Each structure stands twice: as structure tokens, then as C-alpha cells.
Amino acid sequence: MNAGSAATIFAHASGAGRAAIAVLRISGPGSAGALRALCGRLPAPRRAVARALRDAEGGLLDRAMVLWLPGPQSYTGEDSAELHLHAGRAVIEAVADALAAQGLRPAEAGEFTRRAFLNGKMDLVAAEAVHDLVAAETDAQRRQALRQLDGALGNVYRDWSGRLRLALARQEALIDFPDEDLPPEVEADLLRSVRSLRAEIGAHLDDGQRGEKLREGLFFAITGAPNVGKSSLINALAERDVAIVSASPGTTRDAIETRVILGGVPVTLVDTAGLRDTIDPIEAEGVRRAYARAASADLVITVIEAGGPFEASAGGLIVANKCDLHTDERPAVLPVSALTGMGLAALRDRLAAEATTLTQSSGPPPLTRARHRVSLQAAARWLTDAEDAVEPELRGESMRLALRALGTITGQVGVEEILDSIFRQFCIGK
Ligand code: GDP
């Protein structure tokens, strides 16, 4: 598929389930024809109008709000339209059938945003932000995605590319005109640029993965001897979040992983003892993964019985449960009672503070994706090679490769091969 793709696509872009309104989105060169066929003459651009929608035989399909969004001032950059239908399944299907009968085809996952990228409406970093915004569960995730969509992160990467391109142009001048009397500071300048770029990329990479963690969520492992009250504590923590705890049914991990929102960050609590209990050859893979995640947990919470012994060297957070039975005033432990709720608010606050510290970044926008990380690591390696290179041609080549690695992040260069993997993750209609 390319920017000039002739197909006109449509998709139900609003959510599934019972709703009042369903939005059908159309994009492509046939949008105007499709709209005329459905509702007569085209409405004025970008004006919402109420129209009767009819099939080819003139049968009434629905009375809907219609928007005509001619390109290039549309989301995809192509001629587009939106139909705000009554959300009954039969209504959506009847209108979709009428569009298919006119030769339009259902959109693939992410196809609207993919077209927006191919038509230069947004770079890849912004396109990924659209995906994150659609998936955002918490306010902190929403803010990070919006900041990225607004170009804050893309601008950082473009600025680096621009500076590297300038240094490369100088390097090429040195290669092409070795006998000319180029000012001696040209080489010193470009080397300084390469060094400072590598340092900035290094600092950006060395951010404790805060942006990625906020996007993907944190893992807190809960350990402790049997019967100290780990499950009770997890249930108590999840209780207030009942509406947002998302258990995906049918996986082993449900029994041992609980998702809660702490400090605006999705956190999965993994009961590591539960892991040992549920080992079953068929479900071993799910358990193995949960184990691996618990092993690399962002925080280990050790639960002990109030007043009981614990290993101070274990690190993480020590929670003394059952403080309704015994008091525990040791400063190293956080006393709670899963039974009476005593201390639970303080525990929540403490966990929320940990989650915030692990994901909050002040200053420039943080790295948000493994894909970006891989390209930046490659760019940093090439820049190190450029610094170490003695031959001007080799230095030039390393700088070109670093520039290429940076360009793949925003989609300025050679991205055909990565587009599929990026847009496949989208939902239909985006
Ligand atoms: P786990 O094996 O560590 O997951 O422990 P459970 O959550 O299954 O709890 C073990 C037992 O301790 C159960 O009988 C719970 O009712 C009890 N229990 C859990 N929390 C408390 C608490 O705060 N106070 C008291 N008195 N009993 C508790």
C-alpha cells in the first residue's frame, strides 16, 4: 500500500457494545461518490448536517449526522467522511453493506493512521502516540501520549537528525575537497557535534525506561511465607479499583496477577507464591512468563506477619500484615491489616509514590517505546564509531548510518519494512 492507494476504505470507528451513536469513517478518493450515493448532494465541507441515508434502491437506511471532510485537510489527508449513525448493530451493518456495494472495502487495523502517515499528516512517532492515546487508561498515560502526539518527542529526534545532517555535510566537504583550504575548525566543530549528540542520546536512553514503563505499566511482585495474608492484601488493594481491574479471562495469570491503578500508573501485582501453587504442565508457559516478570519486578513487596522476623537486606518494601493481632512499630515495616483495613491507605499512598517515582520524568519528553530505544542505541553506536574513526570516509559512513537509524524513528527513511508491525497493533477504524 502507498500514499496514492486508490482504495476507498470504511470502518466502524466507535466502540463495540451498546451505545447511542456509532461513527462510520470513510477515506479515499471515492468518498465524495459514496456520500452522494448515500445522501444526495455533498454537504458543505466540515459542517455537520442531518441527512437521510438511502441504499441504491432508495430504501431508507438511517437518519444520520453527516460530515464531509475533503482532503488534504482531513485526518488521513484524503477525501474523507464521517457518518454518525444510530448505533444499532443492524443500522451499522446496513450502511456498511451499502458502502461495500459501492466498491468500498473495510479498513484494516490502523489503516486510517497509516494513510495519515503516508500522506505526511504526521510522523511515525505521532502515529504511535495516536495508538497510545486510544489505549490510554490513566491520566498520566493520556498526558504522555498527547505530548508525543503534539510532536514534543518527534521534535527531539528531528532536531538530532538535523544537527547530524549538518555535521555530515561538513564531513563530506572534507572528504570531497581534501586539497581545498577548508578552515581547520570545520573538523573540530563536526567532531564536537558528534560528541554532544552521542551524549544527549545517551542521556535520553539512560532514563530508567520511565516513559516505556508508564505506557506499558509496572510490575510489583508480592512475596512472603504462606498464610501471611498476601492474597487478602492483593484483594484489599484491588477492591477500590474494582471498576478498572482488568482480568482477561482464560489465562492462568488471572489467578496470580491483579491489575490496579496506583498514582495514575497501571500496576500489575504478581503473587509469586501463587505462581508456585499453579504450576501445571499445560499452563507452564504462562507461569514461566509471570515468573520472569516477577523476577524483573519494578518493586518487591515482602509481606510478613506483624511482629514477625524479616530480612532487612532484602530491599523493597516490607509490609507487616495482621497488625490487628499484633502491633508492629518497627520503622522499617509498614503495618497494615488486610482484615480491618488498618494502614491500607498508607500502603496505597506508598505504592502510588513508588509508581510515580518509577515513571515520572521531568524535563524533556521521555523515550516511550522499545522500537525507538533500539534505533537510538544503534545511532549511539554509530556515533561512537564516528568519533573513533581515523579515516574521513569511515567517519562519514558511520555518521550516515547513525542518521539512518535516527530517521527510522520518525519515519523519514527506509520504513516500509516496519510499517506493518507498527500499524498492525492499531484497532480497526484508527
Ligand atoms: P497468603 O497465603 O499469604 O495469600 O494468605 P491469605 O491471604 O490466604 O491469608 C491467610 C489467612 O490469614 C486467612 O485465613 C486470612 O483470612 C487471614 N488474614 C489475612 N489477612 C489478615 C489480617 O490482616 N488479620 C487477620 N487477623 N487475619 C488475616
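Residues numbered from 1 in each chain as written. Predicted model: local features only at pLDDT ≥ 70, side-chain atom pairs only at ≥ 80, totals over all residues. Heavy atoms only, no water.

Student: So, the site of the ligand: which residues are in play, and what are the values?
Tutor: Around the ligand, a shell composed of 15 residues is seen, among which Asn227, Lys230, Ser231, Ser232 and Asp324 lie nearest. Measuring from an oxygen atom of the ligand, one finds a backbone N or O atom of lysine 230 at 2.8 Å. Within the side chain of serine 232, an N or O atom sits 2.5 Å from an oxygen atom of the ligand. Coverage of the ligand by the protein chains reaches 70% of its 580 Å² of free accessible surface. No other element matches helix α9 (residues 230-239), which puts three residues into the shell around the ligand. (Near = heavy atom within 4 Å. Polar contact = N/O pair within 3.5 Å; in protein donor to acceptor, adjacent residues only side chain to side chain. Areas by Shrake-Rupley, 256 points an atom, 1.4 Å probe, with all protein chains shown as cover. Helix = DSSP H or I, 4+ residues; strand = E, 2+ residues; numbered from the N terminus.)

Student: Which residues make up the pairing of strand β7 (residues 218-223), and what values do they have?
Tutor: The element β7 is extensively covered by neighbouring structure, given that five of its six residues are classed as buried. When β7 meets strand β9 (residues 265-271), the two strands line up parallel, connected through five bridges. Bridging from a neighbouring strand, isoleucine 222 pairs with aspartate 271 of β9. Relative to strand β10 (residues 299-305), β7 is paired through four bridges, and the arrangement is parallel. Following the sheet pairing, phenylalanine 220 is matched in β10 by leucine 299. (Buried < 20%, exposed > 50% of the residue type's maximum accessible area, 1.4 Å probe, protein only. Pairing = 2+ DSSP bridges.)

Student: Which residues make up the confidence of the model for the protein, and what are the values?
Tutor: Summary statistics for the protein give a mean pLDDT of 86 and a share of 87% for residues scoring 70 or more. The low-confidence segment residues 241-255 (pLDDT under 50) makes 17 contacts with residues lying over four places distant or belonging to another chain. (pLDDT = per-residue confidence, 0-100. Contact = heavy atoms within 4.5 Å.)

Student: Explain the packing of aromatic side chains to me, using residue names and the numbers behind them.
Tutor: Applying the stated rule across the entire model yields one aromatic pair. Ring geometry for tyrosine 157 against tryptophan 160: centres 5.8 Å apart, planes inclined by 45°, an arrangement best described as tilted. Taken together, the residues span about one helical turn, with tyrosine 157 and tryptophan 160 both in helix α6 (residues 152-176) at a distance of three residues. Relative accessible area serves as the criterion here: at 0%, tyrosine 157 is assigned to the buried category. On the accessibility criterion, tryptophan 160 (4% relative accessible area) is buried. Above the ring of tyrosine 75, the side-chain terminus of arginine 25 is found at 4.6 Å from the ring centroid. Note that arginine 25 overlies the ring of phenylalanine 112, its terminal NZ or CZ placed 4.9 Å from the centroid. (Phe/Tyr/Trp six-rings, centres within 6.5 Å; stacked < 30°, edge-to-face > 60°. Lys NZ or Arg CZ within 6 Å of the ring centre and 35° of its normal.)

Student: Describe the sheet that holds β10, with residues and values.
Tutor: With respect to topology, six strands assemble into an open sheet ordered β8-β9-β7-β10-β11-β12, the strand pairing being mixed. For this open sheet the edge positions go to β8 (257-262) and β12 (333-335), each flanked by a neighbour on one side alone. Going from strand to strand, the sheet's axes swing by 30° on average, the running direction of each strand aside. Running over the sheet, helix α12 (residues 344-359) touches β7, β8, β9, β10, β11 (317-321) and β12 and is turned about 140° from β7. (Axes fitted to C-alpha atoms, helices over the stretch in contact; angles between N-to-C directions.)

Student: Describe the nonpolar core, and please don't skip the residues or the numbers.
Tutor: If you look at the biggest cluster of nonpolar residues, it comprises 28 residues, and the most contacted ones within it are Phe220, Leu233, Val267, Leu269, Leu347 and Leu351. Elements with a minimum of two residues in this core: β7, α9, β8, β9, β10, β11 and α12. With five residues, the top contributor of residues to this core is α9. Residues contacting leucine 347, with those up to four places away along its chain left out, are Leu233, Leu237, Leu317, Val319, Leu334 and Val336. Membership of the second largest hydrophobic core comes to 26 residues, among which are Trp160, Ile201, Ala378 and Leu406. (Core = buried A, V, L, I, M, F, W, Y, C linked by side-chain atoms within 4.5 Å.)

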